[in-house]
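Descriptive analysis of the structure
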Amino acid sequence: MSSVVVPFYQRRHKHFDQSYRNIQTRYVLEEYAARKAASRQAAYYESSGLGKTTCRLCARRARTLAHEAMQESRKRTHEQKTHASDEKRIRFASELSALEKEIHTARHHAREHLDRLAIQRMVEENMALERHAVEESISRAPEILVRLRSHTVWEKMSVSLCFTVQGFPTPAVQWYKNEELITPASDPTKYRIESKYGVHVLHINRADFDDSATYSAVATNVHGQASTNCAVVVRRFREGEEPHPAGIMPFHLPLSYEVCFTHIDVQFLEKFGVTFATEGETLTLKCSMLITPDLKRLRPRAEWYRDDVLIKESKWTKLYFGEGQAALSFTHLNKDDEGLYTLRMVTKGGVSEYSAYLFVRDADALIAGAPGAPMDVKCHDANRDYVIVTWKPPNTTNVNPVIGYFVDKCEVGLENWVQCNDAPVKICKYPVTGLYEGRSYIFRVRAVNSAGISRPSRASEPVAALDPVDLERTQTIHVDEGRKIVISKDDLEGDIQIPGPPTNVHASEISKTYVVLSWDPPVPRGREPVTYFIEKNLDYDLLALYQTFECSIVPSAPGRVVATRNTKTSVVVQWDKPKHEENLYGYYIDYSVVGSNHWEPSNHKPIKYNRFVVHGLETGEQYVFRVKAVNPVGFSENSQESEAITVQAALTCPSYPHGITLLNCDGHSMTLGWKAPRYSGGSPILGYYMDKREANHQNWHEVNSSLITQTIYTVEDLIEDAFYEFKVAAANMVGIGQPSDPSEHFKCKAWTMPEPGPAYGLTICEVRNTSLVLLWKAPVYEGKSPITGYLVDYKEVDTEDWITANEKPTSKRYFKVTDLHEGHTYVFKVRAVNDAGVGKSSEISEPVLVEARPGTKEIFSGVDEEGNIYLAFECKEATDASDFLWGKSYEEIDDFDKFKIETEGNHSKLYFKNPDKSDLGTYSISVTDTDGASSSFVMDEEELERLMALSYEIKNPTIPLKSELAYEVLEKGEVRFWIQAESLSPNSTFRFVINDKEVENSDRHKIHCDHSNGIIEMVMDRFTIDNEGTYTVQIQDGKAKNQSSLVLIGDVFKAVLAESELQRKEFLRKQGPHFSVFLYWEVTEECEVLLACKVANTKKETVFKWYKDGSGIDVDEVPDLQKGECHLSIPKLSRKDEGVYKATLSDDRGHDVSTLELSGKVYDDIILALSGVSGKSASPLKILCTEEGIRLQCFLKYYNEEMKVSWSHRESKISSGEKMKIGGGEDIAWLQISEPTEKDKGNYTFEIFGDKESYKRTLDLSGQAFDDAYAEFQRLKAAAFAEKNRGKVIGGLPDVVTIMDGKTLNLTCTVFGNPDPEVVWFKNDKAFEANEHYAFSLEQGKYASLTIKGVTSEDSGKYSIHVKNKYGGETVDVTVSVYRHGEKMPEIKPGQLAKPRPIPPSEEVLKPEAISSK
């Protein structure tokens, strides 16, 4: 019987038993069974003939028996019911008890099951972690162990291509034929693929000509990819036929004689790295290699690929392979050239390859802000008159979005580009129409945004405008001996006149602006050319068209972006593909430094996969990434930003240790030292494992089972005089790295030499342009005496002579080597010295390039906010595994009572706990797991004193003051004392102290503090003589304190007191009408002097008056006080205007006076200002001739003899005198040259001095100018002499004389002339003679008279006297009017004298010679 406990719910539902049914059901079933049995029995009787008996007795007996059976059945049924009822009660009780027991048991089993599940889950998780660790340790990229082998087979033979690959996770393998994927499902009878235990086989069944190709197998897992390929050539039995049909090998598959039948090993030496370039540049990717064996006739084949597409030589790319170097040159870079470049060296043994990415940035835009050029321009569906052009959009991370594109076309052979579209097309596809059949075209595209148009893209490949159907209507049949038959369907359809209808008409592409229709040509077509007519009907299904168009939408944004560490300058970015990825061109990836919000594009050409390595990042910097998808319609929204990631190398196993050195040997053990790995793999090195073997043995033996934590170790239990070699491997949390190279053979023989052993642990740090620092550890074996010093030797690589850097041994274990040549490579070694001599040299260091690394940082000193002195260093190359090792005198610091080290991220600080002079010295730092990042700092006395002074200031802070305690006198005569600190907290306190007594806030001393501006002030309402003394302000803000004092004693106090009183009086004065600006003067451009003042607080009743010397001045216009200004003009200033000028203001509120004394210095200043204004207007010097001589004159706006002017002749100043007289008028200044001579020729200068500058005018009085002036002077002089001596009527004659007839008229006058003039009288302009009626007389030669006796009316008329000598004369007319007796005498205007008329002299008299002779 089974011991397994069956659950209660299974026991109650046993379907092989009917006991679970109830009594009612069981009774019905039993009754049904009895009736059925009786029926069967009756049927038996009837079938046996009993039912047909003729005996009634027998029939009755049969019925009786049946009735009895029925009664018996009912009785048995009743008994069963009773028994079943009893059994039911018993079974219910027992089942209830069993049910409770089963529930308890089920709970116990459920609890045990849950515990087992928890334990199983925990075990599974632990196993998963262990499995992950194991997988990580064994994870590796695919590695091909056995490569594919080329085959040459006969037709109809089967071929099996096999290769072996290993890797973890198990690589996925895909097979390719001429770079086209092989899918067995497409042709199951041809191909069969098998994969077992890392061996992968491709079976090709019954090969034919079409199977001649290059076959490739590509193995891929998450860690990388590996590939191998081979050639399969299928031969025919008959030699006359073409061995391989043309066109089946698109990449020019090498024939059998080109296949490399010798195994050739290719080892890459110098490789091209990740490259960044710009459009338009030239670039060459080079890769040097070592080919073994190097056979000229059997060379490997160099193939270049871009994104796994074979590159052929073109005008853009040039290929070169030879002399151990493969090169790919770009003549003109374009963004189309961006991608992953792979160099594959194809040999019989397989393929050696190397890959690196080339990034091509946009060239500078022709217009600032314009987008980059589109790329990948291609032509599709070329026909007679149109072609569809497609392209990929540029990345617009740094510019405005693209709003459209222009497509240009150009016929091949021409340089005339024609724009195809008038308006920018918004999607990356455009049908170009209007082409000419039979001509070839190239196309280019330009992008447009709001800033302008981009540079054009690279031109497309040429495409011919031909109908592809015409090519399909020609068929070529090859026959024997290279002959062929060409058949055209035109010849077969020559009788066809009307073509058939086109078929399969459909819209292959729908856009907002166009629809592309496609159809199959008519069959038959006929020989004649076919043209098509297209009709359209507007009654189409808009919904279907709209749905078709809606398929062309921008893609959705990519999903979650994850960035992971890769190298020191790159990050791997992965993302989820968008939900709608139809017709995707690819993705653009952008990156940004955390916190900068400035995005830069990573790739400039869309990538099609959802994983990308972003290169060119800065080590140690934090970045975020985002991705956007792009299709022909445009860009998706940007994805969500990735989590921030610090650029560091991914975690790997450490590199191998190196430099294994024997440090000591006692005959039974050896002490070995080695150098730590250059790179720890991003995780701290946990320790080392060492293996050993004897020199002639093959097997290595483990030395230590537990990790060695130091780089020195003593190997015990060795055989004396035996030779051993050792190797060391480092381990970190990722795993165990590669072991070092085996050491040299070390002999296990005890060291007994007196000299010391080798130093070890040579470390080079602080590499700069001409120097470096060498560190080492002391030898383990000192020799027979203590070590006294060390010698440092160095040499350049590839030279033989060693140079000793130090003439005397240094006792320190570090040395700075100087005077090295920048850019040269050196090696170093160290030798220890003791009394016995110089010991063994250390291992030679690795070659070191003496050159400062880019971005080299130095240690810097500082003091933190709490006053602690520190040295700090920053290293962006630091990783999580890096340690910042601080040292003093290049010995690691372990005295933590004096120092404290804090390291966070890529920053480290060394704090001085109690700095003193013992801390002077050289401090150094080195950062592990970097490319030698290190630095040193010399702490000298001057630097330590500076830092300690700064520390003291911080620990004992003073409140910095913007301004010391100062005072100012306010408007009302109040004195304000104030001080301003840089800042004050609300909890700061202060107090004012005057003469050692604190004052508090009151009406007399109003004290206030503005914490926000740091200003503390006290205003004294009344400043008196009692306030003399010392004023002090004391401030405290937390720990910081400060105070400032101001001493007001003696003259300083008197000045403040006087100013206070003055301001108080001024305040009272300004309560009524007052002068806001007191009287002042100014000079206008018109050389007027204005006395001006400004008034304030006036009203209509205010009276303003001008005074001079106490007397009022009447002005033409009363000043308008509402304008606030009053003026008094002095037009032409002179000495008479000197005096005291006063202006007064008065009304019922008060009186104010302003006075200006216009004399003395004020007068001189005004004259000086007038000189400046007038000097600007000075005209050029002009010549004016007079009878006295030659006058030089300058016209000015205003001239006053008090102005400071000077005249110079030949740079000699002229003083006013008889010969040279200086003078002037209101608007003129002149120089009179009397009786000029030849000595007076030369340059004359007139200079007038203003208040700021002087003004000069110059005239050259020589040559013709002097001659002309002199001649004019002589003429004027002669005229003046003649004028002086000519005949004149001096006076006595009226112009009109009225006389009564009968009276005597006497006209008398005085004449003058030298010589005496001749006098002649005229009547009515006619001379007349003297007679009894007229009488003439001339007495003493100067008194002339005319007497008319007994005048009559006939004597009325004009009488003239003519006075003349040789110098001329003049004529005076007198009108005589005679009236009769009794008539009214005519009225005559009194006081009017007759006006003379001049008579000119003779010309001879006016000659200068005549005047000069006299």
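This text goes with the structure placed above it.
Report follows, based on the coordinates. Keep in mind that this is a model prediction, so the values were computed, not measured. Starting afresh in each chain, residues are numbered from 1 along the sequence in its written order. In keeping with the predicted nature of the model, local features appear solely for residues at pLDDT of at least 70, side-chain atom pairs appear and are counted solely at 80 or more, and the whole-chain, interface and lining totals rest on all residues. Note that the side-chain values use all heavy atoms of the structure and ignore hydrogens as well as water.

For the purposes of this entry, the term helix denotes a DSSP run of H or I that reaches at least four residues, the term strand denotes a run of E that reaches at least two, and both are numbered from the N terminus. When helices and strands are tallied, the chain shows eleven helices and 93 strands. For the chain, the proportion of its 1414 residues judged to be buried stands at 39%. A separation of at least 24 residues holds for 64% of the contacts in the chain among residues at least 6 apart in sequence. On the chain, roughly 82,100 Å² of surface is accessible, and the fraction owed to carbon and sulfur atoms is 51%. Relative accessible area decides the class of each residue, using a 1.4 Å probe on protein chains only: under 20% of the type maximum gives buried, over 50% gives exposed, and in between gives partly exposed. Contact criterion: two residues are considered in contact whenever any of their non-hydrogen atoms come within 4.5 Å of each other. Accessible areas in this description were obtained via Shrake-Rupley with a 1.4 Å probe; residue shielding takes into account the shown protein chains only.

Moving on to a negative patch on the surface. There is a patch of like negative charges on the surface, built from D666, E716, D717, E720 and D721. In this fold, E720 is placed in the loop between β42 (712-715) and β43 (723-731). Residue classification places E720 among the partly exposed residues on the basis of a relative accessible area of 43%. A patch consists of residues whose relative accessible area exceeds 30% and which take part in no salt bridge; residues with like charges are grouped when within 9 Å of each other, and nonpolar side chains (Val, Leu, Ile, Met, Phe, Trp, Tyr) when within 5 Å. For this analysis, a salt bridge means a side-chain nitrogen from Lys or Arg found within 4 Å of a carboxyl oxygen belonging to Asp or Glu. When charges are counted, neither His nor the chain ends are considered; positive counts come from Lys and Arg and negative counts from Asp and Glu. We put the charge of a Lys on NZ, of an Arg on CZ, of an Asp on CG and of a Glu on CD.

This part takes up the pattern of salt bridges. If you walk through the whole model with that rule in mind, you get 47 salt bridges. A salt bridge links R1286 to E1370; its shortest N-O distance comes to 3.3 Å. You can see R1286 sitting in the loop between α10 (1264-1285) and β84 (1288-1291) and its partner E1370 sitting in strand β92 (residues 1368-1379), a full 84 residues away along the chain. R1397 is the salt-bridge partner of D1373, the closest N and O atoms lying 3.0 Å from each other. With D1373 in strand β92 and R1397 in strand β93 (residues 1396-1399), this pair connects stretches of sequence that are 24 residues apart.

A 1.4 Å probe that fits into a set of points on a 1 Å grid over the protein atoms alone but cannot get out defines a cavity; an open set with protein on both sides within 12 Å along at least five of seven lines defines a pocket, and lining residues are those with an atom within 4 Å of a point. Grid points are joined across faces, edges and corners, and a volume is the space filled by probe spheres set on the points. One pass over the full model with this rule turns up four cavities of 30 Å³ or more. Of the voids in this model, the second largest cavity is the one considered here, and its volume is about 60 Å³. G659, T661, G673, W674, K675, A759, Y760, G761, L762, S842 and E843 are the residues that line the second largest cavity. Residue assignment for the lining of the second largest cavity shows that the elements contributing at least two residues are β38 (658-665), β39 (670-675) and β45 (760-765). Per-class residue counts for the lining of the second largest cavity are four nonpolar, five polar and two charged. For this classification, Asp, Glu, Lys and Arg are treated as charged, while Ala, Val, Leu, Ile, Met, Phe, Trp, Tyr, Cys and Pro are nonpolar and the rest, including Gly, are polar.

Before going further, it helps to examine the sheet that holds strand β34 (residues 611-614). The strand order across the open sheet built from three strands is β30-β31-β34, with neighbouring strands paired in antiparallel fashion. Each of the sheet's edge strands pairs with one partner strand only, and the pair in question is β30 (561-567) and β34. Ignoring strand direction, the axes of neighbouring strands in this sheet form an average angle of 25 degrees. Strands are treated as partners if at least two bridges between them are detected by DSSP. Bridge analysis of strand β31 (residues 570-575) against β34 gives four bridges, and the strand direction is antiparallel. Bridge pairing in β34 places V571 opposite V614. Helix axes use the C-alpha atoms of the stretch in contact, all axes being lines fitted to C-alpha atoms, and the angles between their N-to-C directions lie in the range 0 to 180 degrees.

Moving on to the nonpolar core. Residues enter a nonpolar core if they are buried and are Ala, Val, Leu, Ile, Met, Phe, Trp, Tyr or Cys, with the set joined through side-chain atoms within 4.5 Å. By size, the foremost hydrophobic cluster in this structure holds 51 residues, and its most contacted members are F1104, L1133 and L1170. Looking at which element gives the most residues to this core, the answer is helix α9 (residues 1161-1176), with six residues. Setting aside chain neighbours within four positions, we find F1104 in contact with F1075, C1093, P1119, L1121, C1126, A1143, T1144 and L1145. Within the second largest apolar cluster, 27 residues are counted, among which are L961, M1020, I1035 and L1046.

We now examine the sheet that holds strand β17 (residues 339-347). The mixed open sheet is built from five strands, whose spatial order is β11-β18-β17-β13-β14. The sheet terminates laterally at β11 (275-278) and β14 (309-310), the two strands that pair on one side only. Bridge count for strand β13 (residues 301-306) against β17 is six bridges, and the pairing is antiparallel. Of the residues in β17, the one forming a bridge with E303 is R344.

We now examine the packing of aromatic side chains. In summary, the pairing rule links any two rings of Phe, Tyr or Trp, Trp by its six-membered ring, whose centres are within 6.5 Å, and it sorts them by plane angle into stacked for under 30 degrees, edge-to-face for over 60 and tilted for everything else. Following the criterion strictly, the structure yields 39 aromatic pairs and no others. Note on F899 and Y923: the rings are 6.1 Å apart at their centroids and 65 degrees apart in plane angle, and the pair reads as edge-to-face. Of this pair, F899 sits in strand β57 (residues 899-904) while Y923 sits in strand β59 (residues 921-927), and the two are 24 residues apart along the sequence. By relative accessible area, which is 0% here, Y923 ends up buried. Ring geometry for F977 against Y1031: centres 4.4 Å apart, planes inclined by 15 degrees, an arrangement best described as stacked. With F977 in strand β62 (residues 975-981) and Y1031 in strand β67 (residues 1029-1037), the pair connects residues that are 54 residues apart, well separated along the chain. Residue placement shows R439 over the ring face of Y436; its charged tip is 4.5 Å from the ring centre. Geometry around F635 places K628 over its ring, the cationic atom sitting 5.3 Å from the centre. Any Lys NZ or Arg CZ found within 6 Å of a ring centre and within 35 degrees of that ring's normal is scored as a charge over the ring.

Turning our eyes to something else, we now look at unusual backbone geometry. Cis geometry is adopted by the peptide bond preceding P169, which originates at F168 and carries an omega value of -5 degrees. By secondary structure assignment, the location of P169 is in the loop between β3 (159-168) and β4 (172-177). Across the junction of N1314 and P1315, the peptide omega takes the value 0 degrees, indicating a cis bond. Summarising the element assignment, P1315 is placed in the loop between β86 (1305-1312) and β87 (1318-1323). Although it is not a glycine, D307 sits at a positive phi angle of roughly 50 degrees. Secondary-structure assignment places D307 in the loop between β13 and β14. The partly exposed category is assigned to D307, whose relative accessible area is 33%.

With that settled, consider the pairing of strand β63 (residues 989-994). Where β63 and β67 come together, six bridges link them in antiparallel fashion. Of the residues in β67, the one forming a bridge with F992 is V1033. Where β63 and strand β64 (residues 997-999) come together, three bridges link them in antiparallel fashion. Residue I994 lies in a different strand from β64, and its bridge partner there is K997.

To continue, consider the side chain of E766. Checked against the element boundaries, E766 lands in the loop between β45 and β46 (772-777). Between N or O atoms, a polar contact is any pair within 3.5 Å; within protein, one atom must be a potential hydrogen donor and the other a potential acceptor, and residues adjacent in sequence are included only when both atoms are from side chains. A polar side-chain atom of E766 sits 2.6 Å from a polar atom in the side chain of S936. Other than its neighbours up to four places away in sequence, E766 contacts S771, L772, V773, Y890, S924, S934, S935 and S936.

This part is about a nonpolar patch on the surface. Where nonpolar side chains cluster on the molecular surface, the patch consists of I119, M122, V123 and M127 and spans about 370 Å² of accessible area. Within the element layout of this structure, M122 appears in helix α3 (residues 56-138). A residue is classified by how much of its surface remains accessible, and M122, at 48% relative accessible area, is partly exposed.

For the rest of this paragraph, the subject is helix α7 (residues 941-955). It helps to recall that an α-helix has 3.6 residues per turn; residues three or four apart then point in one direction. Helix span is expected to be 1.5 Å times the residue number reduced by one. In this model, α7 (15 residues) spans 20 Å end to end at C-alpha, consistent with the 21 Å of a helix rising 1.5 Å per residue. Residues of α7 that are buried: E943, L944, L947 and S951. Buried residues along α7 cover an arc of 95 degrees about the axis, so they all sit on one side. Opposite the buried face of α7, by more than 90 degrees, sit the exposed residues E942, E945, Y952 and E953. Next to the buried residues of α7 lie β53 (860-863), β54 (869-874) and β60 (934-939). Each direction from the helix axis to a C-beta atom contributes to the arc, which is the arc of those directions.

Another point: the side chain of K727. By the element assignment, K727 lies in strand β43. The buried charged residue K727 lacks any salt bridge partner; its closest oppositely charged side chain belongs to D691, at an N-O distance of 4.6 Å. Setting aside its immediate chain neighbours within four residues, K727 contacts I660, Y689, M690, D691, W700, P739, S740, D741 and P742.

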